[in-house]
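Breakdown of the fold
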Protein chains: 2
Amino acid sequence: MKRLTITISREFGSGGRLIGEKLAKQLNFSFFDRSLLSMAAKESGLAPFIFEGAEDEAANKLLFNLAIGGYVSTGGFAQANIPLSDQVFLAQSETILRLGKEGGCVLIGRCGNYALRKELNCLKVFIYAPLAERVRHVAEREKMSLSEAEALVGKMDKGRTNYYEHYTDWRWGDARSYDLALDSFALGWDLSIKLIQTAAEALAAKLSVLHQRSPE
Amino acid sequence: MKRLTITISREFGSGGRLIGEKLAKQLNFSFFDRSLLSMAAKESGLAPFIFEGAEDEAANKLLFNLAIGGYVSTGGFAQANIPLSDQVFLAQSETILRLGKEGGCVLIGRCGNYALRKELNCLKVFIYAPLAERVRHVAEREKMSLSEAEALVGKMDKGRTNYYEHYTDWRWGDARSYDLALDSFALGWDLSIKLIQTAAEALAAKLSVLHQRSPE
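Below or above, wherever it landed, is the structure these notes cover. (Residues numbered from 1 in each chain as written. Chains lettered and ligands numbered in written order. Predicted model: local features only at pLDDT ≥ 70, side-chain atom pairs only at ≥ 80, totals over all residues. Heavy atoms only, no water.)

Things to note about the interface of chain A and chain B
Counting from both sides, the interface comprises 26 residues of chain A and, opposite them, 26 residues of chain B. Approximately 2100 Å² of surface area, both sides summed, lies buried where chain A meets chain B, with 61% of it carried by carbon and sulfur atoms. Across the contact surface, chain A and chain B share 2 salt bridges. Between Arg176(A) and Glu11(B) there is a salt bridge; the shortest N-O distance is 2.9 Å. Along the contact surface separating chain A from chain B lie 13 residue pairs in polar contact (both at pLDDT 80 or more). No other element matches helix H9 (residues 189–213) of chain A, which puts 8 residues into the side of chain A that touches chain B. Looking at the side of chain A that touches chain B, its residues break down into 16 nonpolar, 2 polar and 8 charged. (Contact = heavy atoms within 4.5 Å. Buried area = accessible area lost by both parts, 1.4 Å probe. Salt bridge = Lys/Arg side-chain N within 4 Å of Asp/Glu carboxyl O. Polar contact = N/O pair within 3.5 Å; in protein donor to acceptor, adjacent residues only side chain to side chain. Helix = DSSP H or I, 4+ residues; strand = E, 2+ residues; numbered from the N terminus. Nonpolar A, V, L, I, M, F, W, Y, C, P; charged D, E, K, R; others polar.)

Structure, rendered in structure tokens:
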């Protein structure tokens, strides 16, 4: 199972990140979440702090660009022709593409399914859960009231939807941008992990056969 | 595994119906596709021919009602207050609800996931595949040219989308209306069946534990 990459897109509060982390451990894969950001920063030469919040806080593209523009005008990293938000996205996508081609990793968020849309060695997964369950989970995890959690989930949902739909021109939540999509509440986390792992192992086996037929 | 019901919504040409049929065999479940229609007709007292094409030909709600209205004006089945298309939908939904509560069956199409949205003993599945692969599959199955198949797939996609979105107020293709969604081309039919079966068996086991705890 060396050559497969798994991308996980996830609704906030669905447990998608933890599911990805467990999955990576079970498959002995590398795991990239926020670590992807510092790697992309390093590879792109852009300052790491610019990458923070790019995915979740982009509830409004204009505000996002203004906020980042604010940082940048003090830091002085701006390149004239491309908005910095787009530079950040492109830098992330290049890092995702490089990691994805190498395989043997689980990548969380950052439109990984889009960056790797042409890669055959990639299993693209979407994890979601009913709103009420996500709110309950976030309230517990963040030790906040249900109404605070509801506001946070709403804000994060809006941010991820806008970010995804701005950069991919696909609709957030549409199953057809993924190979496999799971409701982590209806199925439960353990079963979700088992199903993704079963799919990953079967695809990896198929890939290795393809690979034997046409060696690079 | 007596009490679980599996609903399968599927893109035209994705193999969803055949996947459901194989799955039903392997689980020793009853299988309802078009057979659902004659059953709904029988239970509702509406004439069977009214149900034909209700799902796939509803590319335009008005045309659908006009077409059905045409049949009805000759047959004389119309009830004054409810459009006949809605009577057909309600009759189907009632039959789906009855079958779904009984469990031990696979139900194809007709917004089964919506009719059974409140049922806990139901695994709701969506099966899709890339357009080009569906066109290729339909051309082969129906022995037609690729351009004829493309036109047919386009017409059916439009019909199912309109039908689904009219009756459910959900968006066709959105993963979040299902427990599990699979790309039957990326994963392959056999793996798709295996994943649904694994999920079904795990959920049925969980249900039977719940059942032991609180007998009816």
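Having seen the model, we can carry on.
Quick look at the sheet that holds strand E3 (residues 105–108) of chain A
An order of E2(A)-E3(A)-E1(A)-E4(A)-E5(A)-E5(B)-E4(B)-E1(B)-E3(B)-E2(B) is seen for the 10 strands of this open sheet, with the pairing classed as mixed. In this open sheet, the two edge strands, each paired with only one partner strand, are strand E2 (30–32) of chain A together with strand E2 (30–32) of chain B. Sheet twist, expressed as the average angle between the axes of neighbouring strands with direction ignored, equals 15°. One ladder, built from 6 bridges, connects strand E1 (residues 5–10) of chain A with strand E4 (residues 122–128) of chain A; its direction is parallel. Counterpart to Ile6(A) in the pairing with E4(A) is Leu123(A). Each of E1, E2 and E3 of chain A is contacted by helix H4 (residues 84–102) of chain A, which is oriented at about 155° to E3(A), the strand it contacts most. Contacts from helix H1 (residues 16–27) of chain B reach strand E1 (5–10), E2, strand E3 (105–108) and strand E4 (122–128) of chain B within the one sheet, and its direction differs from that of E1(B) by about 165°. (Pairing = 2+ DSSP bridges. Axes fitted to C-alpha atoms, helices over the stretch in contact; angles between N-to-C directions.)

With respect to the relation of the copies chain A and chain B
The two copies are related by a screw motion: chain A maps onto chain B through a turn of 180° and a shift of 0.0 Å along the axis, at an RMSD of 0.0 Å. As the rotation angle and translation indicate, the two copies are arranged about a two-fold axis. Both copies contact each other with a shared surface, as 100% of the interface residues of chain A are interface residues in chain B too. (Least-squares fit on C-alpha atoms with pLDDT ≥ 70 in both.)

Focus: the pattern of salt bridges
Taken as a whole and assessed by the stated rule, the structure comprises 24 salt bridges over all chains. Ionic pairing is found between Arg134(B) and Glu11(B), a salt bridge with its closest N-O pair at 3.1 Å. Taken together, the residues span a long stretch of sequence, with Arg134(B) in helix H6 (residues 131–142) and Glu11(B) in the loop between E1 and H1 at a distance of 123 residues. One salt bridge in this structure joins Asp33(B) and Arg17(B), with 3.8 Å as the shortest N-O distance. On the criterion of sequence distance, the pair formed by Asp33(B) in the loop between E2 and helix H2 (35–44) and Arg17(B) in helix H1 is long-range, its members being 16 residues apart. Under the relative-accessibility criterion, Arg17(B) is labelled partly exposed at 34%. Salt bridges sharing partners connect three or more residues here, namely Glu11(A), Arg134(A), Asp157(A), Asp174(B) and Arg176(B). (Buried < 20%, exposed > 50% of the residue type's maximum accessible area, 1.4 Å probe, protein only.)

Focus: the environment of Gly103(A)
Residues and elements named next belong to chain A. By the element assignment, Gly 103 lies in the loop between H4 and E3. When its relative accessible area of 16% is taken as the criterion, Gly 103 is described as buried. Between the alpha carbons of Gly 103 and Ser 30 there is a distance of 9.1 Å; along the sequence they are 73 residues apart.

Let's talk about the layout of surface pockets
Empty space within the largest pocket amounts to approximately 850 Å³. Together, 27 residues line the largest pocket, and Pro130(A), Asp183(A), Phe185(A), Ala186(A) and Asp179(B) are the ones closest to its centre. Taken together, the elements giving at least two residues each to the lining of the largest pocket come down to helix H8 (184–187) of chain A together with E4 and helix H9 (189–213) of chain B. Per element, the largest residue contribution to the lining of the largest pocket is 4 residues, and it comes from H9(B). Split into classes, the residues belonging to the lining of the largest pocket amount to 14 nonpolar, 1 polar and 12 charged. There is about 640 Å³ of room inside the second largest pocket. Taken together, 23 residues make up the lining of the second largest pocket; nearest its centre are Lys124(A), Asp179(A), Asp183(B), Phe185(B) and Ala186(B). Among the secondary structure elements, those contributing two or more residues to the lining of the second largest pocket are E4 and H9 of chain A together with helix H8 (184–187) of chain B. (1 Å grid on protein atoms, 1.4 Å probe; cavity = no way out; pocket = protein on both sides within 12 Å on 5 of 7 lines; lining within 4 Å. Points joined across faces, edges and corners; volume = space filled by probe spheres on them.)

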